[in-house]
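# Descriptive structure summary
Listed below, chain by chain, are the residues.
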Amino acid sequence: MRKILFISSVLFLFSACSGSDKVEIGNKTTMVVNPVYDGGTVVKGELITAKFVVENTGKYPLSISEVKGSCTCTVAEKPNEPILPGKTGIIKAIVDTDRTATGMISKSVRIVANTEPSVTEVAIKATVKSIK
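Residues numbered from 1 in each chain as written. Predicted model: local features only at pLDDT ≥ 70, side-chain atom pairs only at ≥ 80, totals over all residues. Heavy atoms only, no water.

## Points about the nonpolar core
The biggest cluster of nonpolar side chains holds 24 residues, and the ones touching the most others in it are Val 54, Ile 64 and Ile 124. Looking at this core, the elements that each hand over two or more residues are strand 1 (31–33), strand 3 (47–56), strand 4 (64–69), strand 6 (88–96), strand 7 (103–113) and strand 8 (119–129). Leave out the neighbours within four places in its chain, and Ile 64 touches Val 54, Lys 78, Pro 79, Ile 83, Ile 91, Ile 111, Val 112 and Ala 113. (Core = buried A, V, L, I, M, F, W, Y, C linked by side-chain atoms within 4.5 Å. Buried < 20%, exposed > 50% of the residue type's maximum accessible area, 1.4 Å probe, protein only. Helix = DSSP H or I, 4+ residues; strand = E, 2+ residues; numbered from the N terminus. Contact = heavy atoms within 4.5 Å.)

Printed below as a string of structure tokens:
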């Protein structure tokens, strides 16, 4: 009897969940962000502080769940609160040139948010010169 009751319950759940209504968790929105920050020419050992202005151009709050630098020399910070439609927020990234090579560098920051696609990459470019 328990087995029949269990099977009936499972069949009921499957039939109730197999409707044509699509359930989506969270709402996707859109954003605009400048893809490249030009740090100019810096001396090895200087910090490059890049600020990326992120604008929510969609209809729903923009939630940035993660920002991550491409290497240990790049540390990024995201806004703590969702960015409301029509508003802007700042993603700050710091590149420690003491940990990079000299010459032209390009370090990326990966932004994960409730957008389509969910991952956006921005870059910090600069020329690092040695002290001589």
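Still more ground to cover, so stick around.
## Quick look at the side chain of Thr 29
For Thr 29, the location among the structural elements is in the loop between helix 1 (2–17) and strand 1. Judged by its relative accessible area of 5%, Thr 29 falls in the buried class. When near neighbours in sequence (up to four residues on either side) are disregarded, Thr 29 contacts Asn 56, Gly 58, Lys 59, Tyr 60, Pro 61, Leu 62, Asn 114, Thr 115 and Glu 116.

## Observations concerning the sheet that holds strand 4
Strand order in the open sheet formed by four strands is 2-8-7-4, with mixed pairing between adjacent strands. Either end of the sheet is taken by a strand with one partner, and the two such strands are strand 2 (36–43) and strand 4. Here the strands of the sheet are splayed against their neighbours by 20 degrees on average, with no regard to which way each runs. Note: strand 7 against strand 8, ten bridges, orientation antiparallel. (Pairing = 2+ DSSP bridges. Axes fitted to C-alpha atoms, helices over the stretch in contact; angles between N-to-C directions.)

## Quick word on the sheet that holds strand 1
Reading across from one edge, 1-3-6-5 is the order of the four strands in this open sheet, with antiparallel pairing throughout. Each edge of the sheet is formed by a strand with only one pairing partner; in this case those strands are strand 1 and strand 5 (74–77). Taken pair by pair, the neighbouring strands of this sheet meet at an average axis angle of 20 degrees, ignoring direction. The pairing of strand 1 with strand 3 spans three bridges and is antiparallel. What sits directly across from Met 31, in strand 3, is Asn 56.

## Considerations on the confidence of the model for the chain
Considering every residue of the chain, the mean pLDDT works out to 86; 81% of them sit at 70 or more. Within the model, the stretch residues 3–24 combines pLDDT values under 50 with zero contacts to residues more than four positions away or in other chains. (pLDDT = per-residue confidence, 0-100.)

## A closer look at the environment of Thr 88
The residue Thr 88 is located in strand 6 in this model. Separated by 26 residues in sequence, Thr 88 and Leu 62 place their C-alpha atoms 9.6 Å apart. Residues contacting Thr 88, with those up to four places away along its chain left out, are Val 53, Val 54, Glu 55 and Ile 83.

## Examining the environment of Ser 63
Along the chain, Ser 63 turns up in the loop between strand 3 and strand 4. Contact partners of Ser 63, with chain neighbours within four places excluded, come to Pro 82, Val 112, Ala 113 and Asn 114.

## Some details on the environment of Glu 55
Topologically, Glu 55 is positioned in strand 3. With relative accessibility at 34%, the residue Glu 55 sits in the partly exposed group. Spatially, the C-alpha atom of Glu 55 lies 5.4 Å from that of Met 31, the residues being 24 residues apart in sequence. Ignoring anything within four residues of it in the chain, the contact list for Glu 55 reads Thr 30, Met 31, Val 32, Lys 87 and Thr 88.

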